[in-house]
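Read off the chains here:
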2 protein chains.
Amino acid sequence: MSQYNHVALIGLGLLASSISLAMRRAGMQAQITGTARSQTTRDTALKIGLVDAVFDSAAEAVKGADLVILCAPVGAMGMIAEEIGPYLAKGATITDVGSVKRAVVEAVQPHMPDNVHFIPSHPMAGTEKSGPEAGFAALFDNRWCLMTPLPENDHTAVQRLSGFWTALGANVEMMEVDHHDLVASVISHAPHLIAYTMVGVADGMNRVAKTEVVNYSAAGFRDFTRIAASDPTMWRDVFLNNRDATLEVLGRFTEELFALQRAIRTGDGDFLFDYFTRTRDIRRSIIDAGQDTDAPDFGRIKEEN
Amino acid sequence: MSQYNHVALIGLGLLASSISLAMRRAGMQAQITGTARSQTTRDTALKIGLVDAVFDSAAEAVKGADLVILCAPVGAMGMIAEEIGPYLAKGATITDVGSVKRAVVEAVQPHMPDNVHFIPSHPMAGTEKSGPEAGFAALFDNRWCLMTPLPENDHTAVQRLSGFWTALGANVEMMEVDHHDLVASVISHAPHLIAYTMVGVADGMNRVAKTEVVNYSAAGFRDFTRIAASDPTMWRDVFLNNRDATLEVLGRFTEELFALQRAIRTGDGDFLFDYFTRTRDIRRSIIDAGQDTDAPDFGRIKEEN
């Protein structure tokens, strides 16, 4: 009973389409139903076979499903939960892929009937692309899926969901809800905001032409533009819904940045050298952990030739 | 007379080794001599054939060269110029690969005899790797080399050097010295400092374990660690020698970051959404200009499977 028979995907973007493709790759036979806000997305998802059936509403899509995955922006989760609550099958598991967990728990839980299992998840995988055609089966391979089970969750239901993510290629880790939001703010939310900011600064410099920024971007800047090309709605919702942790990390960031600026201003080369030496070590750890390629420039150079 | 007969490389790291390999790829027959501070680097460069002859001192390495390329950290350029000045061949061209131009001009020019051509360059190409074994022939392909000729420079000598960079694969653009330093601070220096800062913050968060930072880094953070793995000596010198432009851009950065933090704090979703939509456009321009791959996640995902 480790697999599900009917999986409903609410929202049909990068994450949902990758889940569908990874399920098929894993040989899962489950029926997949789905819905999305836009008619175009629903049509595309059906046409390219991401779902067996598509519905105009989330309420219809979840009927009979034993696993419902909310793949919508964090800010839409509450509304969807309210809509589907009365239509959920008894014993169904409901999870989500939101990048924030406390806000999702608060928005979703009140709408869940007593006879279902609401178990939050955050598969930490993605790209800067969005939409139903952006998905691919390997998205979760060797990436981590953080699950933040709630005190009332049934152990068997949690294990079953964990097995589902593992079958899709992910490593699963259990984590407390608020600790998740702090960790996510450090390794994902603050880096995204900083990338958006740097790109905004370069775009707004009157004394540097846009063609200069674009043509010479390989000197470092272009790395930031990838992250800053991520879906605006998704990220607006992330920041609005993980406000305190994000602001805390950004406060730390500003403090460190000021210390480095001060070292530049006062000509403290030793401070800079020591700082840059420490940060070099962490990349080695990430490569050793199999979380990034060791190829120079992310392996881009080969590709460009 | 567009090619050089004897090229001397002072410093034998990533840039010098890539120049040597790109020269050979272009079919240039020039003799290549070189030197580096460390005996190990000199031995390696000779062993892997980056140079035809290696010397213990820059003064010896430049003798008879009609092109001398200073490939050392910006902070070492003045000392090297002082050392080689008396040994330069009459009519030789001296250039450099420094990421900062005003400071290099001020450090090098006073030591140049009247009968040579000192023409600053900045090939904007590199990776996070360093050392003589990090080079590869394609490093400059479709990247930009900014040249900042000085008022006294001979037109023919400038054109000849421009032809050299072009033969190595680069696009060449002429730029005024101080404007170069501002452009470089926006597209390279500030992004590097910000990446170093973000990595430093994550490394210093007591409430988030280092294993958490490392394992979950694919959610955005790992992009910053590549840049923050760049050579500490080189980057210390860049910041100390492009202080004013870097601090100006960082000032703009802090201002923008505060505006975004304020929008998060006050819940101004429209401000965030509009900002994130604008920054998305610039990535498209960079891809259209052939300055980055359009493959999701820099094409890393394929490689990991």
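What counts, and at which threshold
- Residues numbered from 1 in each chain as written.
- Chains lettered and ligands numbered in written order.
- Predicted model: local features only at pLDDT ≥ 70, side-chain atom pairs only at ≥ 80, totals over all residues.
- Helix = DSSP H or I, 4+ residues; strand = E, 2+ residues; numbered from the N terminus.
- Rg over C-alpha atoms; globule rule 2.2 N^0.38 Å.
- Buried ≥ 20, exposed ≤ 12 C-beta atoms within 10 Å, placed from the backbone.
- Contact = placed C-beta atoms within 7 Å.
- Axes fitted to C-alpha atoms, helices over the stretch in contact; angles between N-to-C directions.
- Parallel < 35°, antiparallel > 145°, perpendicular 65-115°, else oblique.
- Left-handed = near helix turned anticlockwise from the far one by under 90°.
- Nonpolar A, V, L, I, M, F, W, Y, C, P; charged D, E, K, R; others polar.
- Least-squares fit on C-alpha atoms with pLDDT ≥ 70 in both.
- Arc of directions from axis to C-beta.
- Pairing = 2+ DSSP bridges.
- Core = buried A, V, L, I, M, F, W, Y, C linked by C-beta atoms within 7 Å.
- Right-handed = clockwise from strand over helix to strand, strands pointing away.
- Domains from an automatic or database assignment.

Caption draft 1: Representation of the overall build of chain A within the structure. On a plain count of helices and strands, chain A comes out with 13 helices and nine strands. For 305 residues, the compact-globule estimate of 2.2 N^0.38 gives 19 Å, and chain A sits close to it at 21 Å. Along the first, second and third principal axes, the C-alpha set of chain A runs to 65 × 45 × 35 Å. For chain A, with 305 residues in total, the buried portion stands at 55%.

Caption draft 2: Representation of the environment of A:Y4 in the model. Residues and elements named next belong to chain A. When you line up the elements, Y4 lands in the segment before β1 (6-10). The spacing of Y4 and L161 is 157 residues in sequence and 9.1 Å in space, taken between C-alpha atoms. Setting aside its immediate chain neighbours within four residues, Y4 contacts A30, D66, L67 and F164.

Caption draft 3: Representation of the packing of helix α11 (residues 243-266) of chain A against helix α11 (residues 243-266) of chain B. Relative orientation of the contacting elements α11(A) and α11(B) amounts to 165°, with a least axis distance of 11 Å. It follows from the interaxial angle that α11(A) and α11(B) lie roughly antiparallel. When you trace α11(A) past α11(B), the crossing you get is left-handed. Here α11(A) contributes A:R243, A:T246, A:L247, A:L250, A:T254, A:Q261, A:I264 and A:R265 to the contact with α11(B), which in turn contributes B:R243, B:T246, B:L247, B:L250, B:T254, B:Q261, B:I264 and B:R265. Its residues assigned to classes, the contact of α11(A) with α11(B) comprises six nonpolar, six polar and four charged.

Caption draft 4: Representation of the interface of chain B and chain A. Facing the 96 residues of chain B at the interface are 96 residues of chain A. Residue assignment for the side of chain B that touches chain A shows that the elements contributing at least two residues are α7 (177-204), α8 (210-215), α9 (221-227), α10 (232-241), α11, α12 (269-288) and α13 (300-304) of chain B. For the side of chain B that touches chain A, a count of residues per class yields 50 nonpolar, 23 polar and 23 charged.

Caption draft 5: Highlighting the relation of the copies chain B and chain A. Expressed as a screw operation, the relation of chain B to chain A combines 0.0 Å of axial shift with a rotation of 180°, fitting to an RMSD of 0.0 Å. Expressed as a symmetry operation, the mapping of one chain copy onto the other fits a two-fold axis. Here 100% of the contact residues of chain B are again contact residues in chain A; the copies associate through an equivalent surface.

Caption draft 6: Molecular detail of helix α4 (residues 77-84) of chain A. All names here are of chain A. Those residues of α4 lying buried are M77, I80, A81 and I84. Along α4, the residues classed as buried sweep out an arc of 100° about the axis, all on the same side. Those residues of α4 that are buried are in contact with β1, α3 (58-61), β4 (67-70), β5 (93-96) and α5 (102-108).

Caption draft 7: Representation of the sheet that holds strand β9 (residues 171-174) of chain A in the model. Residues and elements named next belong to chain A. Pairing within the open sheet is mixed, and its three strands lie in the order β7-β8-β9. Either end of the sheet is taken by a strand with one partner, and the two such strands are β7 (121-124) and β9. Adjacent strand axes in the sheet meet at a mean angle of 20°, parallel and antiparallel pairs treated alike. Sheet analysis places β7 next to strand β8 (residues 144-147), joined by four bridges and oriented antiparallel. By the bridge assignment for β8, S121 is matched with M147.

Caption draft 8: Here's a closer look at the environment of A:A30. All names here are of chain A. By the element assignment, A30 lies in the loop between α1 (14-25) and β2 (31-35). The spacing of A30 and I282 is 252 residues in sequence and 41 Å in space, taken between C-alpha atoms. If we skip the residues at most four places from it in the chain, A30 touches Q3, Y4, N5, H6, V7 and M23.

Caption draft 9: Spotlight on the sheet that holds strand β7 (residues 121-123) of chain B. Residue and element names in this part refer to chain B. Taken together, the three strands give an open sheet; going across it, the order is β7-β8-β9, and neighbouring strands pair in mixed fashion. Only two strands of the sheet have a single partner each, and these edge strands are β7 and β9 (171-174). The average undirected angle you get between the axes of adjacent strands in this sheet is 20°. Two strands pair when backbone bridges link them, and β7 and strand β8 (residues 144-147) are joined in this way by three bridges, in the antiparallel orientation. Each bridged residue has a counterpart across the sheet, and for P123 the counterpart in β8 is C145.

Caption draft 10: Just unusual backbone geometry, in detail. All names here are of chain A. Positioned with a positive phi, N142 is a non-glycine residue whose angle comes to about 60°. Along the polypeptide, N142 turns up in the loop between β7 and β8. Positive phi values are uncommon outside glycine, yet D297 reaches one of about 55°.

Caption draft 11: The arrangement of the nonpolar core in detail. Core analysis: the biggest nonpolar cluster contains 202 residues, and A:L9, A:I10, A:V68, B:L9, B:I10 and B:V68 have the highest contact counts within it. Other than its neighbours up to four places away in sequence, A:L9 contacts A:A16, A:I19, A:S20, A:I32, A:G34, A:V51, A:I69 and A:C71.

Caption draft 12: A look at helix α2 (residues 39-47) of chain B. Residues and elements named next belong to chain B. Restricting attention to buried positions, one finds in α2 the residues T41, R42 and A45. Take α2 and look down its axis: the buried residues cluster within an arc of 100°, on one side only. Facing away from the buried side of α2 by over 90 degrees, the exposed positions are Q39, T40 and K47. Residues of α2 that are buried make contact with β2 (31-35) and β3 (53-54).

Caption draft 13: How the structure looks around the pairing of β8(A). Residue and element names in this part refer to chain A. Where burial is concerned, the two faces of β8 agree: the one with W144 and L146 and the one with C145 and M147 are both buried. Direction of pairing for β8 relative to β9: parallel, over a ladder of four bridges. Considered in β9, the bridge of C145 is made with V172. In this fold, β8 hands off to helix α6 (residues 155-167), which returns the chain to β9; that crossover is right-handed.

Caption draft 14: Summary view of the domain arrangement of chain A. All names here are of chain A. When cut into domains, chain A gives domain 1 (6-175) and domain 2 (179-267). Once you take the C-alpha centre of each, domain 1 and domain 2 turn out to be 29 Å apart. With 14 residues of domain 1 in contact, the opposing surface of domain 2 contributes 17 residues. The residue makeup of the side of domain 1 that touches domain 2, split by class, is six nonpolar, five polar and three charged.

Caption draft 15: Region of interest: the pairing of strand β4 (residues 67-70) of chain B. Residues and elements named next belong to chain B. Along β4, one buried face is formed by L67 and I69 and the opposite face, lined by V68 and L70, is buried too. Bridge count between strand β1 (residues 6-10) and β4: four bridges; the pairing is parallel. Bridged to V7 within β4 is L67. Relative to strand β5 (residues 93-96), β4 runs parallel, the two being bridged by four bridges. By the bridge assignment, I69 is partnered in β5 with T95. With respect to chirality, the unit in which β4 leads through helix α4 (residues 77-84) into the neighbouring parallel β5 is right-handed.

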